[in-house]
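The chain contents come next:
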Amino acid sequence: MLDELLDTRVGGPIPPPAQVSVACAAALQIDDPESALRTLNETRLALSFRMALAFHDGRQDALACTAQLAQLADAVVDTVYRMALAEIEQAHGKIAGGRFAVIGYGSLGGNELGFGSDLDLVFLHDQPPGCEGSDGRRPLDPGRYYARLAQKMMSLLGAVTAGGRLYDTDVRLRPDGGKGALVSSLASYTEYQRERAWTWEHQALVRARAVAGDPGLMADFTAVRAATLGRQRDWATLVEDVVRMRARMRAELDRSDAARLDLKQGAGGVVDLEFLLQTGVLALAATQPSLLAQTSSQALIDALGQVGWLDAASVASLHRAHAILLDSGLGCTLDRRPRIVARTPAIEQAGAAIAAACARVGLMLSEPPAAG
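Description of the structure in this document. (Residues numbered from 1 in each chain as written. Predicted model: local features only at pLDDT ≥ 70, side-chain atom pairs only at ≥ 80, totals over all residues. Heavy atoms only, no water.)

Examining unusual backbone geometry
- We note that N111 has phi near 55°; this positive angle belongs to a residue other than glycine.
- Inspection of the secondary structure puts N111 in the loop between α5 (106-109) and β2 (119-126).
- A positive phi angle is found at D176, which is not glycine, with a value near 65°.
- Mapped onto the fold, D176 is located in the loop between β3 (169-170) and β4 (183-185).
- The exposure class of D176 is partly exposed, given its relative accessible area of 38%. (Helix = DSSP H or I, 4+ residues; strand = E, 2+ residues; numbered from the N terminus. Buried < 20%, exposed > 50% of the residue type's maximum accessible area, 1.4 Å probe, protein only.)

Regarding the packing of helix α11 (residues 270-284) against helix α14 (residues 345-360)
- Where α11 meets α14, the closest approach of the two axes is 10 Å, and the angle between their N-to-C directions is 25°. In terms of their interaxial angle, α11 and α14 are classed as roughly parallel. In terms of crossing hand, the pair formed by α11 and α14 is left-handed. Between α11, through D272, L273 and L276, and α14, the contact on the second element is made entirely by I354, A357 and C358. (Axes fitted to C-alpha atoms, helices over the stretch in contact; angles between N-to-C directions. Parallel < 35°, antiparallel > 145°, perpendicular 65-115°, else oblique. Left-handed = near helix turned anticlockwise from the far one by under 90°. Contact = heavy atoms within 4.5 Å.)

Comments concerning the pattern of salt bridges
- One pass over the structure, following the stated rule, counts 23 salt bridges.
- A salt bridge links D311 to R360, with the shortest nitrogen-to-oxygen separation between them at 3.9 Å. With a gap of 49 residues between them, D311 in the loop between α12 (297-306) and α13 (312-334) and R360 in helix α14 connect regions that are remote in the sequence.
- Assessed through its relative accessible area of 37%, D311 is described here as partly exposed.
- Residues E348 and R343 are paired through a salt bridge, measuring 3.6 Å at the closest nitrogen-oxygen approach.
- Exposure remark for E348: the relative accessible area of 9% places this residue in the buried category.
- For R343, a relative accessible area of 27% corresponds to the partly exposed category.
- When salt bridges that share partners are traced, they join R99, D126 and D220 into one network. (Salt bridge = Lys/Arg side-chain N within 4 Å of Asp/Glu carboxyl O.)

Let's talk about helix α6 (residues 142-158)
- If you check α6, its first and last C-alpha atoms are 24 Å apart, about what 17 residues at 1.5 Å a residue would give, namely 24 Å.
- Along α6, the residues classified as buried are P142, Y145, Y146, L149, A150, M153, L156 and L157. Axial view of α6: buried residues confined to an arc of 130°, hence all on one face.
- Tucked inside the fold, the buried residues of α6 contact α3 (33-56), α4 (62-92), β1 (99-105), β2, β3 and β4.
- A distance of 3.1 Å separates the backbone nitrogen of G143 from a side-chain oxygen at the start of α6, and that oxygen is part of D141. (Expected span 1.5 Å × (residues − 1). Arc of directions from axis to C-beta. Polar contact = N/O pair within 3.5 Å; in protein donor to acceptor, adjacent residues only side chain to side chain.)

Quick look at the structure:
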């Protein structure tokens, strides 16, 4: 980090996504796996540090910073995927026509990653009918082959180097959660989303996007996502499911008290905003497919305003509220504090704006916070 402080670039603009990808991919040119992983982590730390300084000294806002952190994570995941694939192919050969993809959910999928955030990942695979396995000296059937690939990726992402680990990962959003297979075939994933997924899982899918792997399978995932989110839904049933899940989450996870707000789980916090936007997408995507092109909160607010589900006043107030919550959350993370903050007038106004927007569309996720 001292090297970064002495680097004259530290006060300049953050490299664009293409340059970030190139910087991360440079680790692929190093033959020694341990050195390659250390180099990749040093690159991630250096770029994250520059982003943190730019946010801290006001050169960029929280929204730009979280988007850049997500872009950096995309580049790291793609590089790790290539590292892991090279190791698996060396040991077990290739699967002719086989495909593998990494799907980002949560903050990664929504392009709003924080400092120190973990990565919510789902792994998919696909191969031609009748494929028996890989062609190496130690062949594996497709299921085991791609499970090994996913496990290798998670191992590399979580390996402790001199600069710590790259990212913590969470794979519980896969079909059937912790009881399900680590890697799902495209066919089984499609069937699960169509026949067995709960409403909250479709809500999570609103913020999901493909981040690495075979381009064809990534495109196929996008098509499955669109078909799943674009189905017709009964409004009353949708609202009942969403409100019930939100109440359960708040009862189990909300750490707010009379003086402080849990920025994520508290009434009028980040999750309330996300549930509002996810409900709008699930309610309207069947007739407004343009909504499916977006995964970030900022873009979804605008998209739902453009189709008339949110009025102009709500769009403006939600953008302000989103910015306030993100800014407060990043500040907490940089200070290594829990994301629980005093109920200042700005925080109260943000919560009230989110609660009011929910009420306007008939989605009562919480009682409006008291005025500050």
